[in-house]
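This is what each chain is made of:
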Amino acid sequence: MDNSKEAQYIDLYRNVREVQSSVFEAYRKASFERFKRLGFPDDKSEQYKYTNLTEALSVDYGLDNHNQKELIYEAFTCAIPGIRSHLYFVVNDTFYASDEAKNQVFPQGVVIGSLKEASRLYSDLVAKYFGKLSEKEEDGLIAFNGMFAHDGFFMYVPENVTIDRPIQLVNISEGNTNQLLNSHNLIILERGAKVQLLVCDHTEGNARFFVNRLTEVHVAEEATYEHYKIENTSSDTTHISSLLIDQKESSKTLTTILTLNNGLTRNNISLMLNGEYAEGLLYGMAVGDLDQKVDNHTSILHNKPNCHSTELFKYILGGESQGGFTGRIYVAEDAQKTEAYQNSKNILLSTTARMRTKPQLEIYADDVRCSHGATIGQLDETAMFYLRSRGISEDEARLLLMYAFAADVIENIRIEALKDRIKLMLEHRLRSGVSQAASCILCR
Amino acid sequence: MLEIKNLHADVNGREILKGLNLQVNAGEIHAIMGPNGAGKSTLASVLAGNPAFEVTEGEITFLGKDFMELAPEERAAEGFFLSFQYPVEIPGVSMVNFLRTAMNEQRKYRGQEPIPASDFLRLMKEKKELVEMQSNLTNRSVNEGFSGGEKKRSEIFQMAMLEPRLAVLDETDSGLDIDALRIVANGVNKLASPERAIIVITHYQRLLDYIVPDFVHVLFDGRIVKSGNKDLALRLESEGYDWIKKELE
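Visitor: Just give me the short version of the pattern of salt bridges, but keep the residues and values in it.
Guide: All names here are of chain A. Summed over all chains, the structure comprises 36 salt bridges over all chains. Across the pair Arg191 and Glu222 runs a salt bridge, and its minimum N-O distance is 3.7 Å. Note that Arg191 is positioned in the loop between strand E7 (179-189) and strand E8 (194-204) and Glu222 in the loop between strand E9 (209-219) and strand E10 (224-232), a separation of 31 residues in sequence. Residue class for Arg191 comes out partly exposed when judged on its relative accessible area of 35%. Residue classification places Glu222 among the partly exposed positions, given a relative accessible area of 48%. With a shortest N-O distance of 2.8 Å, Asp295 and Arg266 are connected by a salt bridge. Taken together, the residues Asp295 in strand E15 (residues 293-302) and Arg266 in strand E13 (residues 264-273) connect sequence positions 29 residues apart. Take Asp295: its relative accessible area is 1%, and that puts it in the buried class. A relative accessible area of 1% places Arg266 in the buried class.

Visitor: Help me get a handle on the layout of surface pockets, residues and values and all.
Guide: Roughly 580 Å³ of volume is contained in the largest pocket. For the lining of the largest pocket, the elements supplying multiple residues, two or more each, are strand E18 (338-348), strand E20 (368-377) and helix H9 (394-410) of chain A together with strand E7 (90-94) of chain B. Counting residues per element, the lining of the largest pocket draws most heavily on H9 of chain A, which supplies 7 residues. Residues that form the lining of the largest pocket fall into these classes: 13 nonpolar, 8 polar and 8 charged.

Visitor: So what's going on with the packing of aromatic side chains? Which residues, and what values?
Guide: All names here are of chain A. As enumerated under the stated definition, the model contains 21 aromatic pairs over all chains in all. Their ring planes at 45° and their centres at 4.9 Å tell us that Phe24 and Phe130 sit as a pair that is tilted. Of this pair, Phe24 sits in helix H2 (residues 22-38) while Phe130 sits in the loop between helix H6 (123-129) and helix H7 (140-148); the two residues are 106 residues apart in sequence, bridging distant segments of the chain. For Phe24, a relative accessible area of 1% puts it in the buried group.

Visitor: Tell me what's going on with the environment of Phe385 of chain A, and back it up with residues and numbers.
Guide: Residues and elements named next belong to chain A. Following the sequence through the fold, Phe385 ends up in helix H8 (residues 381-388). The buried category is assigned to Phe385, whose relative accessible area is 8%. Each C-alpha atom of the pair Phe385 and Ala335 lies 47 Å from the other, and the pair is 50 residues apart in sequence.

Visitor: Tell me about the side chain of Gln85 of chain B, and name the residues and values.
Guide: Residues and elements named next belong to chain B. Note on placement: Gln85 falls in the loop between strand E6 (80-83) and E7. For Gln85, a relative accessible area of 16% translates into the label buried. In this structure Gln85 touches Ser41, Lys152, Asp170, Glu171 and Ser174, once residues within four positions along its chain are discounted.

Visitor: Any details on empty space enclosed by the protein? Residues and values, ideally.
Guide: All names here are of chain A. Counted according to the given criterion, the structure contains 4 cavities of 30 Å³ or more. A volume near 100 Å³ is recorded for the largest cavity. Lining the largest cavity, in full, are Asn171, Asn185, Val199, Asp201, Arg213, Thr215, His227, Lys229, His239, Ser241, Ser242 and Leu243. If you list the elements that add at least two residues to the lining of the largest cavity, you get E8, E9, E10 and strand E11 (237-247). No other element matches the 4 residues that E11 contributes to the lining of the largest cavity. Taken together, the residues of the lining of the largest cavity sort by class into 2 nonpolar, 7 polar and 3 charged.

Visitor: Any chance you could break down the sheet that holds strand E5 (residues 65-66) of chain B for me, citing the residues and the numbers?
Guide: Residues and elements named next belong to chain B. Read across the open sheet, the 4 strands follow the order E2-E1-E4-E5; overall the sheet is antiparallel. In this open sheet, the two strands that pair with only one neighbour each are strand E2 (14-24) and E5. Pairing of strand E1 (residues 2-11) with strand E4 (residues 53-62), which is carried by 8 bridges, proceeds in the antiparallel orientation. Across the sheet, His8 pairs through a bridge with Glu57, a residue of E4.

Visitor: Can you tell me about the packing of helix H4 (residues 117-130) of chain B against helix H5 (residues 148-162) of chain B, naming the residues and giving the values?
Guide: Residue and element names in this part refer to chain B. Put simply, H4 and H5 touch, their axes get as near as 9 Å, and they point 135° apart. Here H4 is positioned oblique relative to H5, judged by the angle of their axes. H5 is crossed by H4, and the crossing has right-handed handedness. Contacts between H4 and H5 involve Phe120, Leu123, Met124, Lys127, Lys128 and Leu130 from the former and Phe157, Ala160 and Met161 from the latter. Residues of the contact of H4 with H5, tallied by class, amount to 7 nonpolar, no polar and 2 charged.

Basis of the calculations
- Residues numbered from 1 in each chain as written.
- Chains lettered and ligands numbered in written order.
- Predicted model: local features only at pLDDT ≥ 70, side-chain atom pairs only at ≥ 80, totals over all residues.
- Heavy atoms only, no water.
- Salt bridge = Lys/Arg side-chain N within 4 Å of Asp/Glu carboxyl O.
- Helix = DSSP H or I, 4+ residues; strand = E, 2+ residues; numbered from the N terminus.
- Buried < 20%, exposed > 50% of the residue type's maximum accessible area, 1.4 Å probe, protein only.
- 1 Å grid on protein atoms, 1.4 Å probe; cavity = no way out; pocket = protein on both sides within 12 Å on 5 of 7 lines; lining within 4 Å.
- Points joined across faces, edges and corners; volume = space filled by probe spheres on them.
- Nonpolar A, V, L, I, M, F, W, Y, C, P; charged D, E, K, R; others polar.
- Phe/Tyr/Trp six-rings, centres within 6.5 Å; stacked < 30°, edge-to-face > 60°.
- Contact = heavy atoms within 4.5 Å.
- Pairing = 2+ DSSP bridges.
- Axes fitted to C-alpha atoms, helices over the stretch in contact; angles between N-to-C directions.
- Parallel < 35°, antiparallel > 145°, perpendicular 65-115°, else oblique.
- Left-handed = near helix turned anticlockwise from the far one by under 90°.

As structure tokens, this is what we get:
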């Protein structure tokens, strides 16, 4: 490994390490050891070959100093009309709850708050789950997150409890100095629990951000979990997000990953179907018009029989933007009666945009239904002409077709207010051309 | 209204139209017949401004404007409409959104305000009845999963909504059973008016039992070689095109 980049952070770790709860400490130490072994992924790494971090890592970053003078989140208003969410924040590295959420009385046993705090108040519970998925990942960035993350979002939903309104976590990267930001979220759903989480990523300020966030989700038997992630950051942001979901028997998850505005983005999504009859739906969309880079690296593990997964990712790339998609589907030897469907569809609007898509199926069982498809193309010329022949201008026709292309990802959003807003944001995004999704007050 | 002079057009470098002349006035219904490969659909595509076809010579004037100078969407906004032989399916674009966009884009071109939503919905309801179009079809994506008959009915429905000055119906009868044919033809007849002209492109005389033309033209090898009244269509039906070929030789 190229020691120079890693060495400074190894020193930094030694210098700034804070004493947390014992749960954090053990994990931090183990992560440190793993990072020393793995280092940052480089251009020779098969897993990261569509995400080149060399430039982003050459920037000199500081760690968050945790003393924002103004609490930026207090000014935050979510611009999704009618979302009625319970709102939480991670500003840079640190967790905050909105006043509304602080005063909220949830059903008996529900815990939503800071992971740092939870690791002290509910140390046994947190210890049982914390780091259990991430410690198995052979990924230097996940190890790196473990070295520095000291807080994040924590949610525990007890058996058979349904949280009616969506929970919303807004990650804000804020400041005018270059920063390296890490946070660790832990989400636990007990048997039969039900919750929707909306995660929004924003940036504010004129600095370079290297954001490295990790989310571990445990979904117990018959529980239902929906995860919506919307990135609306800036061209100066390097955004790494790892989402690890463990599913037990008859659980259901829906994950939607939307990249509307960004710099360099890498989403690692791992769906582990570890109980029979589990269902995992995974949808994604990315829009690039300048020189954005979006790489969704997905892995769906069918470890038990009778599970179902559906995966659909759509990219609309123009300018010199670049997209990457890896869709690994693993079906274990005894995971009979698996159903796994995957589709990657991509439109290139310019000759300089690039898309690299790679289905990767590893099937060891013999009684399965699996399919995969990948297309990279342009807008349908016959459809263009049909629309124009009815009086619709070329620009408007193009917009309608791009919009239609993305529709089946958006239609799978189950929070109506969010679905409507995403439609608007996408339309605005496609119309204005320049990188403005313009819908949140913080990221005008 | 429409004047075509000495029209030559290529597709993929092959000349299909070889000096076609045609004049259509307001209020007239013209039928264009001819054997396969004569250039009937090419004529329709060229009129609509399909970029896959290249006009190499001649002129097309529509309502006093040089049609060749106009983009497909401008031609539509000037009052031209093509009912496609093979309407395109567009998944993800709803019929309602499609038509409202089309209508408002045309209005914008003509310097008009967008149509109010309530007026639009009322108009849709009225026009759907005109072509006996099932209500749920307009809630679906454009032509997606429509049967052959439904697609053709959808074309006439669009024509009714957009109210063109000149409509070209390109083999609207193909793929229709006799009931659907009657419904589509009735819709077209209701849309006929002294201000509007219609060109019907067809292989078969059958459609002309329902839509009675004022003029029938035979398109052969890229030119209109014979014109007459509706009796010409009847003769073509019974005798085929051989006698025309002989006349030409």
